[in-house]
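# Working through the structure, step by step
What follows is each chain in one-letter form.
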Amino acid sequence: GESVGLHLPTLSVQEGDNSIINCAYSNSASDYFIWYKQESGKGPQFIIDIRSNMDKRQGQRVTVLLNKTVKHLSLQIAATQPGDSAVYFCAETDSSYKLIFGSGTRLLVRP
Amino acid sequence: KAGVTQTPRYLIKTRGQQVTLSCSPISGHRSVSWYQQTPGQGLQFLFEYFSETQRNKGNFPGRFSGRQFSNSRSEMNVSTLELGDSALYLCASSLGQGKDTQYFGPGTRLTVL
């Protein structure tokens, strides 16, 4: 397989704080990146995407930053809420129509 | 608009059996991709279909196969099941025109005993 999933780091934040989830991608040819949120018992849910011709994109309470120089992607969640607790995956793709997923980060929001 | 649906949601099989999983994409979507999710290996790409043709395939053995019908619905089949095939099988659909967003279904939880 191509996805590394042996470790699942956990980020614990206080409700109302900002969260930053990081991801390193592997393929220099990747030019489209997506963040997904997966809650227990559900499939991944699309959050936000970014193409390689951009370095920042904002959505509702979320911002994705792309640094192609160091092949790094981050997801920032503003004013984190209990409903944000989930596992977050970054995914990359080139021209092959397949998504390559990172190992995921578990976000825990403390009330 | 209805999301991606997968049936069945849960399945229990024994080693050596075969299984067929079904996926109905979002209306208007012509691409269907399949992924396997396990705690050890994470999310891994199985294959992608567009207009009834397989466009890409992941690194899985030939026991894993799929097909897509003219209405874009897709099925995947796993033959001669092994214990290690126990996983959540996820289907995602997209428009299929270049790099567009893939939307996932809830998955089928397969347990092989």
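Quick summary incoming for the structure in this document. Keep in mind that this is a model prediction, so the values were computed, not measured. (Residues numbered from 1 in each chain as written. Chains lettered and ligands numbered in written order. Predicted model: local features only at pLDDT ≥ 70, side-chain atom pairs only at ≥ 80, totals over all residues. Heavy atoms only, no water.)

## Examining the overall build of chain B
Using the following cut-off: Helix numbers and strand numbers start at the N terminus; a helix is a DSSP run of H or I with at least 4 residues, a strand a run of E with at least 2. C-alpha atoms define the radius of gyration, and 2.2 Å times the number of residues to the power 0.38 defines the globule rule. For the exposure calls, accessible area comes from a 1.4 Å probe over protein chains only, and a residue counts as buried if that area is under 20% of its type's maximum, exposed if over 50%, partly exposed in between. Surface accessibility in these figures is a Shrake-Rupley result with a 1.4 Å probe; residues are shielded only by whichever protein chains are displayed. Positive charge is attributed to Lys and Arg, negative charge to Asp and Glu, and no charge count is given to His or to the chain ends. Each charge is placed at NZ for Lys, CZ for Arg, CG for Asp and CD for Glu.
Each helix and strand in chain B was counted, giving zero helices and 11 strands. The N-to-C order of helical and strand elements in chain B reads β-β-β-β-β-β-β-β-β-β-β. In terms of C-alpha radius of gyration, chain B reaches 13 Å, essentially the compact-globule figure of 13 Å for 113 residues. Dimensions of chain B, computed from C-alpha atoms along their principal axes, come out at roughly 40 × 25 × 25 Å. When each of the 113 residues of chain B is scored for burial, the buried share is 52%. Accessible surface computed for chain B: about 5000 Å², of which carbon and sulfur atoms make up 49%. With 12 positive and 6 negative side-chain charges, chain B shows a separation of 3 Å between the mean positions of the two kinds.

## Quick word on the sheet that holds strand S1 (residues 5-7) of chain B
All names here are of chain B. Counted only if it meets this: By the convention used here, strands pair only if DSSP detects at least 2 bridges between them. Comment: axis = line fitted to C-alpha atoms, over the contacting stretch for helices; angle = value between 0 and 180 degrees taken between N-to-C directions.
With antiparallel pairing, the four strands of this open sheet are ordered in space as S1-S3-S8-S7. Across the chains shown, the open sheet's two edge strands, defined by having one partner strand only, are S1 and strand S7 (64-68). Neighbour-to-neighbour, the strand axes of the sheet open up by a mean angle of 20°, direction not taken into account. When strand S3 (residues 19-24) meets strand S8 (residues 74-78), the two strands line up antiparallel, connected through five bridges. Looking at S8, one finds that leucine 21 is bridged to methionine 76.

## Thoughts on the sheet that holds strand S7 (residues 72-77) of chain A
All names here are of chain A. The four strands are arranged S2-S7-S6-S5 in an open sheet whose pairing can be described as antiparallel. Pairing within the sheet leaves two strands with one partner each, and these edge strands are strand S2 (19-24) and strand S5 (56-58). Adjacent strand axes in the sheet meet at a mean angle of 15°, parallel and antiparallel pairs treated alike. Bridge count between S2 and S7: six bridges; the pairing is antiparallel. Within the sheet, the bridge partner assigned to asparagine 22 lies in S7 and is serine 74.

## Section: the packing of aromatic side chains
Rules: Each Phe, Tyr or Trp ring (for Trp, its six-membered ring) is paired with any other whose centre lies within 6.5 Å, and the angle between the two planes then decides the class: stacked below 30 degrees, edge-to-face above 60, tilted in between. Two conditions define a charge sitting above a ring: the NZ of Lys or the CZ of Arg must be within 6 Å of the ring centre, and it must be within 35 degrees of the ring normal.
This structure, assessed with the given rule, holds 12 aromatic pairs over all chains. Between A:Phe101 and B:Phe104, the aromatic rings sit 6.0 Å apart at their centres with planes inclined by 70°, giving edge-to-face as the arrangement. Residue A:Phe101 is found in strand S9 (residues 100-101), and its partner B:Phe104 is found in strand S10 (residues 103-104); the two belong to separate chains. Given the relative accessible area of 4%, A:Phe101 is considered buried. Each member of the aromatic cluster is reached from another via a ring pair, and the members are A:Tyr36, A:Phe46, A:Phe89, A:Phe101, B:Tyr35, B:Phe45, B:Tyr103 and B:Phe104. Between the NZ or CZ atom of A:Arg51 and the centre of the ring of A:Tyr32, over which it lies, the distance is 4.3 Å.

## Topic: the side chain of B:His29
Residue and element names in this part refer to chain B. Selection rule: Whenever a nitrogen or oxygen atom comes within 3.5 Å of another N or O atom, the pair is scored as a polar contact, on the condition that within protein one atom can donate a hydrogen and the other can accept it, and that pairs from neighbouring residues in sequence are kept only if both atoms are in side chains.
Note that histidine 29 resides in the loop between S3 and strand S4 (31-38). Take histidine 29: its relative accessible area is 10%, and that puts it in the buried class. In this structure the side chain of histidine 29 is engaged in a polar contact, spanning 3.4 Å, whose partner is the backbone nitrogen of serine 94.

## Remarks on the pattern of salt bridges
Inclusion rule: Throughout this description, the term salt bridge denotes a Lys or Arg side-chain nitrogen within 4 Å of a carboxyl oxygen of Asp or Glu.
Summed over all chains, the structure comprises eight salt bridges over all chains. Among the salt bridges present, the one from A:Arg61 reaches A:Asp84, with a minimum N-O distance of 2.9 Å. Highlighted residues: A:Arg61 in the loop between S5 and strand S6 (62-67) and A:Asp84 in the loop between S7 and strand S8 (86-93), separated in sequence by 23 residues. Taking the relative accessible area as the measure of exposure, A:Arg61 reaches 30% and is therefore partly exposed. For B:Glu48, the salt bridge identified is with B:Arg55, shortest N-O distance 2.7 Å. Its relative accessible area of 1% is what places B:Glu48 among the buried residues. By relative accessible area, which is 27% here, B:Arg55 ends up partly exposed. The network of salt bridges with shared partners includes B:Arg63, B:Glu82 and B:Asp85.

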